[in-house]
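# Inside the fold
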Amino acid sequence: MSNISVLDPPKNTSVSVSPAGEIHEGSSVTTLTCSSDANPPVESYRWYKRSETAPSLVGSKQIYRINRITSGHTGHYYCVVKNQHGDRNSTAVFLDVQYAPKKTSSSVSPSGEILDGVSVTLTCNSDANPPVQSYTWYKKEKSESVMLSTQQVYSISKAHSEHTGYYFCQAENKHGHLNSAIINLGVLYPPKGTSVSHNHTGDLKEGISVTLTCSSDANPPVESYTWYRNTGDETNEVGSGETITFTLDTTTAGLYHCEAKNRISSQNSHAVKVSIAGSGWQSMAAIAGGAVAFLIVFIVVLAVLMSRRKKNTTNSTIVSGSTVRNSQGAADNDYVNVNPVTSHPGQSVDSGDQDDVQYASVQFKRSREQEVPVYSTVEETKLHTHHQEQDEVQYAAVNFSRPTAATHTGADTDVYSAVSKPRNKKACGQRTAHQQ
């Protein structure tokens, strides 16, 4: 009995992968084995990897061995077997190499210069298998990183100066994580926070050297500094540069401010007062002292005038019809008015009771030698005569006092004036005063 052999091309061709299960990037060895039934046996094996264009030949043995597998080995593989009766392809197997995120990157839109107030978008991208499960955005603040968002895209609706800084993102899956490179987000803005400082504290003395420094935050950095000095209604440019130095005196004291400018715009600082110590209160003290001195003089003058006026008012009395002449003659024709008063100078005299008159003041009018009132005492004189009507006549002694030696031409002169004393109940008429 003879055996009958049936010859046919390869069939039941298949591929197996070892080790089975997940394949991780970095594994040492991965083996693909091609199997097939053929009679006569398979004469050749070829391994192919599919690609977007055309399959690529990667091996020519029954077993395809990959040492140190990488993410680049991910793909579909199949084998082709051949004998003298034909060839047959195996079904393709997918070699899924898993790896942590890599090639993580971040991008900014819009690109180029970012002006203050515009909208900015930061996007994170990464290659990973399985795909990235989470993204996190960070901003570097000195020695630490501050988390901003857990989204792939981080948006800033209106960028301002505080958004300027260094940013990066982190992509992560179950196999690990990877940070992107740091990007510098530069928001352009005009100078802000412009201020002036100087090299001295406390009181400033005349003659010292003063240095003023202008500081400002700007992006791009400040291109120029200009200094101004204000004195009253005038503001003058006095220098340029980040600092100025001058000797303090009355010509350099004043209010100083600086202007910081970049290509976006400019900003002025607040004014700083640079003055000589004590100059303000000394001026005020001088003005106050002058005012006080003037007030004292005014009060003294006013007191003197009021005193004179009071004396003229309280001590002057009028006697109608009396004439007083000095002992040297009547050339000057000086007249006085004598008004009788009671024993109390401030009390008026009743017209019906003038017997008690004891005091009087004499006031000269139009005197060329004497400008001040001369006061005298009118003393009642008791006369004992044989004629009763003489009881009605009394004499007053008037003593003239010369105010100064310059106007005193001789010895003091006594002038006597007869003052008619009217009767209470008789209408006798007014007697004439006789000068002795």
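It should be noted that the structure appears before, not after, this text.
Residues numbered from 1 in each chain as written. Predicted model: local features only at pLDDT ≥ 70, side-chain atom pairs only at ≥ 80, totals over all residues. Heavy atoms only, no water.

### Details of the state of the cysteines
Filter applied, for reference: Cysteine sulfurs are considered disulfide-paired once they come within 2.5 Å of each other. Runs of E in the DSSP output that reach at least two residues are strands. Runs of H or I that reach at least four are helices, and both are numbered from the N terminus. Burial classification: accessible surface area is computed with a 1.4 Å probe over protein chains only, and a residue below 20% of its type maximum counts as buried, one above 50% as exposed, and the rest as partly exposed.
In the structure shown here, the tally under the stated rule is three disulfides. The disulfide partner of Cys124 is Cys169, and the S-S distance across this bridge is 2.0 Å. The sign of the 70 degrees torsion about the S-S bond sets the Cys124-Cys169 disulfide as right-handed. Taken as a pair, Cys124 in strand E12 (residues 120-129) and Cys169 in strand E16 (residues 165-173) lie far apart in primary sequence, 45 residues in all. What makes Cys169 buried here is its relative accessible area of 0%. Covalent S-S linkage joins Cys214 and Cys258, the inter-sulfur distance amounting to 2.0 Å. As the torsion about the S-S bond is roughly 65 degrees, the Cys214-Cys258 disulfide counts as right-handed. Of this pair, Cys214 sits in strand E20 (residues 209-219) while Cys258 sits in strand E24 (residues 254-261), and the two are 44 residues apart along the sequence.

### Some details on the nonpolar core
Selection rule: In this description, a nonpolar core means a group of buried Ala, Val, Leu, Ile, Met, Phe, Trp, Tyr and Cys residues linked to one another through side-chain atoms lying within 4.5 Å. Two residues form a contact once any of their heavy atoms are found within 4.5 Å.
Within the largest apolar cluster, 19 residues are counted, with the highest numbers of intra-cluster contacts made by Leu212, Trp227, Phe246, Leu248 and Val274. Secondary-structure elements contributing two or more residues to this core are E20, strand E21 (224-231), strand E23 (243-247), E24 and strand E26 (272-274). With four residues, the top contributor of residues to this core is E20. When residues no more than four places from it in sequence are discounted, the contact partners of Val274 are Leu204, Val210, Leu212, Phe246, Leu248, Ala253, Gly254 and Tyr256. Ile114, Tyr154, Ile156 and Ile183 belong to the second-largest nonpolar core, a separate cluster that totals 17 residues.

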